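# Geometric and topological summary
Next come the chains, spelled out residue by residue.
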Amino acid sequence: TIFKVVYTIYLPFRASGWYAATQDESGATRRPGSQRLKGLRMHNLDGLGYRDKTVVVTGGASGMGEQVARILGELGARVHIVDIQQPKVPHASFLQCDLSDFDQVRATADQLKAVAPIDFVFPCAGLPPHIKGPLYCMRVNYIGTRLFVEELLPSVRDGGGIALISSDAAMG
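Source: prediction; values computed, not measured.

Turning next to the nonpolar core. Ranked by internal contacts, the top residues of the largest apolar core, which has 18 residues, are Val-56, Val-82, Leu-99, Leu-112, Ile-118, Phe-148 and Leu-152. Every element with two or more residues in this core is listed here: helix 2 (102-111), strand 7 (118-123) and helix 4 (134-152). In terms of residue count, helix 4 provides more of this core than any other element does, five residues in total. Beyond its immediate sequence surroundings of up to four residues, Val-56 is in contact with His-80, Val-82, Leu-112, Ile-118, Phe-120, Val-121, Phe-122, Phe-148 and Leu-152. Residues Val-55, Ile-71, Ala-77 and Val-79 belong to the second largest nonpolar core, which totals 15 residues.

Inspection of the secondary structure assignment puts His-80 in strand 5 (residues 78-83). For His-80, a relative accessible area of 7% translates into the label buried. In this structure the side chain of His-80 is engaged in a polar contact, spanning 2.6 Å, whose partner is the side chain of Ser-93.

This paragraph deals with helix 2. Restricting attention to buried positions, one finds in helix 2 the residues Val-105, Thr-108 and Ala-109. Along helix 2, the residues classed as buried sweep out an arc of 100 degrees about the axis, all on the same side. In this structure, the buried residues of helix 2 make contact with strand 5, strand 6 (93-96) and helix 4. N-cap assignment for helix 2: the residue whose side-chain oxygen lies 3.1 Å from the backbone N of Asp-103 is Asp-101.

Scoring rules and cut-offs
- Residues numbered from 1 in each chain as written.
- Predicted model: local features only at pLDDT ≥ 70, side-chain atom pairs only at ≥ 80, totals over all residues.
- Heavy atoms only, no water.
- Core = buried A, V, L, I, M, F, W, Y, C linked by side-chain atoms within 4.5 Å.
- Buried < 20%, exposed > 50% of the residue type's maximum accessible area, 1.4 Å probe, protein only.
- Helix = DSSP H or I, 4+ residues; strand = E, 2+ residues; numbered from the N terminus.
- Contact = heavy atoms within 4.5 Å.
- Polar contact = N/O pair within 3.5 Å; in protein donor to acceptor, adjacent residues only side chain to side chain.
- Arc of directions from axis to C-beta.

Structural data, given as C-alpha cells:
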C-alpha cells in the first residue's frame with residue numbers, strides 16, 4: 001500500500017481570514033478557496049491571550065517572521081522586532097541585529113531589558129544555506145538563535161512562552 005503524505009498548514013496570509021494550505025509529497029502547495037475558514041477574523045482570536053502583551057519576534061522583516069509579527073500586532077500585542085532588515089509591518093520597536101554576530105546578539109538582548117517583562121518570544125529568523133553558505137546559516141539558524149533566547153531569558157516573565165518556528169528552507 002502506498003500512502004500519500006499530505007501536510008496541512010494554517011497560513012495567516014490575510015488579516016481577513018486564515019487559509020488552509022495542503023502540501024503533497026511532491027512539494028506542491030495548494031490553497032483552494034474552498035478551504036478558507038470563513039468568518040474567522042482576528043478579533044475573534046482574542047482568547048489566544050496576546051492583547052497588551054509584550055512580544056519579541058526575530059526575523060520579523062520577512063517570511064514567516066513577518067507574518068507572525070503582523071498577526072500578533074493585529075491581535076493587540078506590543079511587537080518588538082529584531083532583524084537585520086527594517087520591517088514593513090507595524091511594530092512597537094525595531095532593533096537591528098545580525099544573529100551571526102554574537103556580540104550584536106548579546107547587545108540586542110541587553111537592550112530588550114528596557115521593555116521587560118517580555119511575555120512571549122518568537123525566534124523566527126533564519127535562512128537557507130545557499131544564501132551565504134552553511135556555516136553562516138548555522139550561526140544564524142542555530143547558534144545565534146539559541147544565544148539570543150538564552151540571553152533574553154532573564155527578561156521573560158515567569159510563565160512566559162517561547163515558540164521556535166522554522167521551515168525546511170534551512171535544509172537547503
